[in-house]
Amino acid sequence: MDFFLQLLINGLCLGFLYGLSAMGFVMIFKSSSVLNFAHGELIALGAFLFLALVTWAGIPIPISFLLTLAVCFCFGFIVERFFLRPLIGEPLIFVIMLTVGLASMFKGLMLLIWGGNLHTYPDILPASLAIQLGPVTIPPVYIASLVIGLIFLSLFGLFFKYSSQGIYMRSVADNQRAALSLGVHVKRVFALSWAIASLVAGMSGIVLGIINGINVHNLSGIGLKVFPVVILGGLDSIGGAIIGGLIIGLLESFTGGYISTSLSEVVPFIVLVFILLIKPYGLFGLVEIERV
Amino acid sequence: MRKLKFHPSGNFNEYYAQELTIFETDFGRVSLIVGLMALFAIVPLVLSPYMLYIVNMIGIASIAAIGLNILIGYTGQISLGHGAFFGVGAYAAAILATSLGMPFIVAVPAAGVITALVGMIFGIPSGRLKGLYLTIATLAGQFIIEYVLVHWESLTKGTMGINLPAATLFGLELFSDRSFFFVIFISLVIMVLMAVNLMRTKYGRAFIAIRDNDRAAEGMGIPIFRYKLLAFAISSFYAGCAGGLWAFYMRSITTEPFNLNLSIEYIAMVIIGGMGNIAGSIFGAVFITFLNEGLRWGTDILINLGTFSSAALTMAPLREFVFGLAIVLFILFEPRGLAEVWRIVRSSFRLWPFSY
Amino acid sequence: MEKTLLQLNNISVVYSDVIQVLKGVSLAVEKNHIVSLIGSNGAGKTTTLKAISGLLKPENGKVTDGTIIYEARTVQNQSPETITRLGIIQVLEGRQPFKYLTIEENLRVGTATKWGEPYKKDLDIVYHYFPALIPRRKSLAGYCSGGELQMLVMGRALMAHPKLLLLDEPSLGLAPLVVKEIFRIIKRINEEQGSTIILVEQNARMALQIAHYGYVMENGKIVMEGRATELAANPDIKEFYLGMGVSGDMKSYKDVKSYKRRKRWL
């Protein structure tokens, strides 16, 4: 029973992080219908930047955290500006292939700099913050990740619901032509969605790194696990991404605990194939409102 | 209506049949025959065994890349599982040869058919949806196949790998790189002919219609689900045949090479060579294989010079970086790939000295 | 020519480098006027509007010849972002709401040209013209009726305080009563807000009723122009666009088949 609870908590935490990572992915898909295969690399980049700032440069942790997020934001902006903007108006297949190329490029670059080994952060949170829940211990990083995640989630919720720029972004996702006719800066919206997605990815990279340690292969692999998550949740639903993430996280944690760890790596993809077969638009994908 | 060579001011077709011919001029026909004769007569005699090995690798990669190009370039669907399908072909051939004792000439096409069937399993869910769901399903396929290859130990011997018997063809044992050269390149010629001719049939035209606009294609009465699945099966068949050839050539296979990086390597070949161009796939295979070898050579030199320690400069990440960079640069600056570069060079030669 | 707000000088528009749609269109729009463009399907009315608003670009179209002068500056082939910020807003054909945004959010997208400025007063103005939107402000646009949507997209454009409003078939697919209502509001917007309006319509009768000036397009050319009242009285217009016989009475279906007149400009 204790084992079960531990797995449950691990799974929920992992799933929450998957959901957060997927959120950035969904944002790019919604605004410009690009499947971003370089998402895992954006995640890894955040984790490694944080590592570099904390251990190499020795900057205090809270400042490093904010600095990393800022750099990730700018990085997303730059990627859009220099790689994706020239392709606006080209067939989508080129854009997607481009992200595949970018993924390979960034991953190689990070491997060249940091190598394929496991790195760890210095202990950031004192173990005394852990919560004892009956027989199960919840490590402080889990709680921290949950708190950070929830803060970001609500911030983005408010941003998209109430701020003008957020509404412009949703309008572009909804009907690009009409948005253009009203003078919405569509290119700026694309750039902004890449920037925000990269920021969110960087953040989840840091939290994942705190929990599991950082390794280029693992982190960029999580970028690919985003696909089962978003297919499960519905490609265009941000809330669905979180719930999809939770389901995948739990599934992975339980298979890892009860069956085998190597299977747990594949289970999300098996689920993906079944979801495509049974409920292709995901659990929470928008039902197309069609007025003819 | 035979034309000896291109007219300087361009050729104009008067019949649909002219549009369909493979060679627009007799000159092209003759030069192809001469080229092929040179390839088979001179190359195996001149090249060192190491170069011959590289050329053979190019041949195998070309077959797989043509398969992927049928899917990406002609049908407009991206597959991220081509490396895994290549692996399925290799394993299928190995298992057929070792457990069932199938001869080489049967095992390779059979491996292709098995791979096509496996491919269709992953094609079915994606076919129901419009858009790029096939990409995601093939990504899943890549991971699931990798897992199965490692863990279905009773069949694949897991991480141990399989050793194959020597391939025999018409009673001759194929041992040397030279004998394999003939096998691989004859297969390549057959596969190219099949692909080129496929694109001239109604199936090929349907694929192109789906690529250009799937809704309109459906409106014209093309059942897009069936055709997408067919394209996917054909593409997997090519990957499987290439994998089978590779297995017999290598004589021993393990699960390691068939990972996502291999799939990306094939995508790089298709993009760099030119999407929707059969000859382009071969250019891409040549380019990538030489890039691979060049990088290996370069890193070796740098390590020997002592500029970098071997730990700091490992081959794999550099290769990944360079492949990624090549894909990105080609998409940004020459999205139609080397085939287009070749076309431009050729036409400027033809018009020389009046080219502009 | 101080009063001229917009002038098109002999413009040609080509899509995808091969399909020529407009073949030398010239027209002038005076300040505070309603100008209506009428013509059959495929005459090039919508393309003319898109050439003005810059929306040709995303459809691979281009003004290849001629100039578009708006407030003494040439604006052809500019990006829509630039043109909308000069005060030209186009209301697209077929309504095109943001389906997953609420009515009020839809209206807020209209403030994109003046991002960061307060918009509450503009909302009140829009609700003043379209009171029917008030009870629905919190519901998704995808679930609204055609009439409401037409009001929505016009209101959305109004949020930007356009100096020049381009309306593309506001009456498309609406019931006659709603059409009347919409046209009344267009007239009011023109008079009270001082917006200049170019109105593209199939419903030539309604369009000529509220317009000051009219142009008739056919095959990518302007074939006739004049004051709206004159156009409405022109026997050719009556025959071909207003569906009346020469004598001015409504034609019955009995006579439709036998064409007696030829278009004189052909």
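Analysis parameters
- Residues numbered from 1 in each chain as written.
- Chains lettered and ligands numbered in written order.
- Predicted model: local features only at pLDDT ≥ 70, side-chain atom pairs only at ≥ 80, totals over all residues.
- Heavy atoms only, no water.
- Helix = DSSP H or I, 4+ residues; strand = E, 2+ residues; numbered from the N terminus.
- Contact = heavy atoms within 4.5 Å.
- Areas by Shrake-Rupley, 256 points an atom, 1.4 Å probe, with all protein chains shown as cover.
- Buried area = accessible area lost by both parts, 1.4 Å probe.
- Salt bridge = Lys/Arg side-chain N within 4 Å of Asp/Glu carboxyl O.
- Polar contact = N/O pair within 3.5 Å; in protein donor to acceptor, adjacent residues only side chain to side chain.
- Nonpolar A, V, L, I, M, F, W, Y, C, P; charged D, E, K, R; others polar.
- Phe/Tyr/Trp six-rings, centres within 6.5 Å; stacked < 30°, edge-to-face > 60°.
- Buried < 20%, exposed > 50% of the residue type's maximum accessible area, 1.4 Å probe, protein only.
- Pairing = 2+ DSSP bridges.
- Right-handed = clockwise from strand over helix to strand, strands pointing away.
- Core = buried A, V, L, I, M, F, W, Y, C linked by side-chain atoms within 4.5 Å.
- Axes fitted to C-alpha atoms, helices over the stretch in contact; angles between N-to-C directions.
- Expected span 1.5 Å × (residues − 1).

Trainee: I'd like a rundown of the overall build of chain B, residues and numbers included.
Mentor: Counting its regular elements, chain B contains 16 helices and four strands. Sequence separation of 24 or more characterises 75% of the internal contacts of chain B that already satisfy a separation of 6 or more. Split by element, the accessible area of chain B, about 16,800 Å² in all, is 68% carbon and sulfur.

Trainee: Outline the interface of chain A and chain B, supporting the account with residue identities and numerical values.
Mentor: If you look at the interface, chain A gives 39 residues, while chain B gives 38 residues. Summing both partners gives a buried area of about 3,600 Å² for chain A against chain B, and 84% of it is carried by carbon and sulfur. Where chain A meets chain B, there are one salt bridge. Note that Lys107 of chain A is salt-bridged to Glu320 of chain B, the shortest N-O span being 3.8 Å. In this assembly, chain A and chain B are joined by two residue pairs in polar contact (both at pLDDT 80 or more). Listing elements by their share of the side of chain A that touches chain B, those giving two or more residues are helix H3 (61-84), helix H4 (92-114), helix H9 (216-233) and helix H11 (261-278) of chain A. Per-element accounting of the side of chain A that touches chain B gives the leading share, 16 residues, to H4 of chain A. When grouped by side-chain class, the residues that make up the side of chain A that touches chain B number 33 nonpolar, five polar and one charged.

Trainee: Which residues make up the packing of aromatic side chains, and what values do they have?
Mentor: By the definition in use, this model includes 34 aromatic pairs over all chains. Centroid distance Phe254 of chain A to Tyr258 of chain A: 6.3 Å. Interplanar angle 10 degrees. Geometry classified as stacked. One end of the pair, Phe254 of chain A, and the other, Tyr258 of chain A, are both in helix H10 (residues 238-258), four residues apart, so they sit about a helical turn from each other. Here a set of aromatic residues connected by ring pairs shows up, and it is made of Tyr53, Phe104, Phe180, Phe248 and Tyr249 of chain B.

Trainee: Explain the interface of chain A and chain C to me, using residue names and the numbers behind them.
Mentor: With 28 residues of chain A at the contact, the number on the chain C side is 34 residues. Of the roughly 2,800 Å² buried where chain A meets chain C, counting both sides, 56% is carbon and sulfur surface. Summed over the shared surface of chain A and chain C, the number is three salt bridges. Ionic pairing is found between Arg170 of chain A and Glu105 of chain C, a salt bridge with its closest N-O pair at 2.8 Å. Counting every contact that joins chain A to chain C gives twelve residue pairs in polar contact (both at pLDDT 80 or more). If you list the elements that add at least two residues to the side of chain A that touches chain C, you get helix H5 (140-162), helix H6 (164-174), helix H7 (176-181) and helix H8 (186-212) of chain A.

Trainee: Describe the pairing of strand E8 (residues 196-201) of chain C, naming the residues involved and giving the relevant values.
Mentor: Residue and element names in this part refer to chain C. Of all six residues in E8, six are buried; the element is thus mostly enclosed. Covered by surrounding structure in E8 are Thr196, Ile198 and Val200 together with Ile197, Leu199 and Glu201, the residues of both alternating faces. Where strand E3 (residues 34-39) meets E8, five bridges bridge the pair, whose relative direction is parallel. Among the inter-strand pairings, Val35 is bridged to a residue of E8, identified as Ile198. For the handedness criterion, the β-α-β arrangement of strand E7 (residues 164-168), helix H6 (residues 176-193) and E8 is classed as right-handed.

Trainee: Lay out the arrangement of the chains with the relevant residues and their values.
Mentor: Contacts are most numerous, across the two pairs of chains in contact, for chains A and B. Without any contact between them, chain B and chain C keep their closest C-alpha atoms 16 Å apart.

Trainee: Hey, could you go over the nonpolar core for me, with residue numbers and the actual values?
Mentor: Counting 256 residues, the largest nonpolar core has Phe104 and Phe248 of chain B together with Phe130 and Ile186 of chain C as the members making the most contacts within it. The element best represented in this core is helix H4 (residues 49-75) of chain B, accounting for 16 residues. With 31 residues, the next largest nonpolar core counts Leu49, Ile68, Val75 and Ile198 of chain C among its residues.

Trainee: An account of the environment of Leu5 of chain A is needed here, citing residue identities and associated values.
Mentor: All names here are of chain A. Of note, Leu5 is situated in helix H1 (residues 2-32). For Leu5, a relative accessible area of 27% puts it in the partly exposed group. When the C-alpha positions of Leu5 and Leu224 are compared, they lie 27 Å apart, and in sequence the two are 219 residues distant.

Trainee: Got a sec to walk through the sheet that holds E3 of chain C? Specific residues and values, please.
Mentor: Paired through their backbone hydrogen bonds, the strands of a sheet run either parallel or antiparallel. Residue and element names in this part refer to chain C. The six strands are arranged E6-E7-E8-E3-E9-E10 in an open sheet whose pairing can be described as mixed. On the outer flanks of this sheet lie strand E6 (88-91) and strand E10 (221-227), each paired with one strand and no other. Within this sheet the neighbouring strands show an average axis-to-axis angle of 15 degrees, counted without direction. Note: E6 against E7, four bridges, orientation parallel. Its bridge partner being in E7, Ile88 is matched across the sheet by Leu164.

Trainee: Break down the sheet that holds strand E4 (residues 61-70) of chain C for me, citing the residues and quoting the values.
Mentor: Residue and element names in this part refer to chain C. Pairing is antiparallel in the open sheet, where four strands are placed in the order E2-E1-E4-E5. Whereas interior strands pair on both sides, the edge strands pair on one side only; in this sheet they are strand E2 (19-30) and strand E5 (73-74). In this sheet, E5 lies alongside E4 in antiparallel orientation, the contact comprising two bridges. By the bridge assignment for E5, Ile69 is matched with Thr74. Taken strand by strand, helix H1 (residues 45-53) contacts strand E1 (4-15), E2 and E4, and its axis lies near 110 degrees from that of E1.

Trainee: Report on H1 of chain A, specifying residues and quantitative values.
Mentor: Compared with an ideal rise of 1.5 Å per residue, which puts 31 residues at 45 Å, H1 of chain A spans 45 Å between its outermost C-alpha atoms and is within 8% of the ideal. Of all 31 residues in H1 of chain A, 22 are buried; the element is thus mostly enclosed.

Trainee: Can you explain the pattern of salt bridges? Please cite residues and give values.
Mentor: Counted by the stated rule, this structure contains 20 salt bridges over all chains. In this structure, Glu192 of chain C engages Arg188 of chain C in a salt bridge whose closest nitrogen and oxygen atoms are separated by 3.2 Å. Taken together, the residues span about one helical turn, with Glu192 of chain C and Arg188 of chain C both in helix H6 at a distance of four residues. Using a relative accessible area of 45% as the deciding quantity, one classes Glu192 of chain C as partly exposed. When salt bridges that share partners are traced, they join Lys161 and Arg170 of chain A together with Glu105 of chain C into one network.

Trainee: Any details on the pairing of E4 of chain C? Residues and values, ideally.
Mentor: All names here are of chain C. The sheet contact formed by E1 and E4 spans eight bridges and is antiparallel. Bridge pairing links Val13 to Val63 in E4. Connecting the antiparallel pair E4 and E5 is a turn made up of two residues, with Glu71 showing a positive phi of about 50 degrees.

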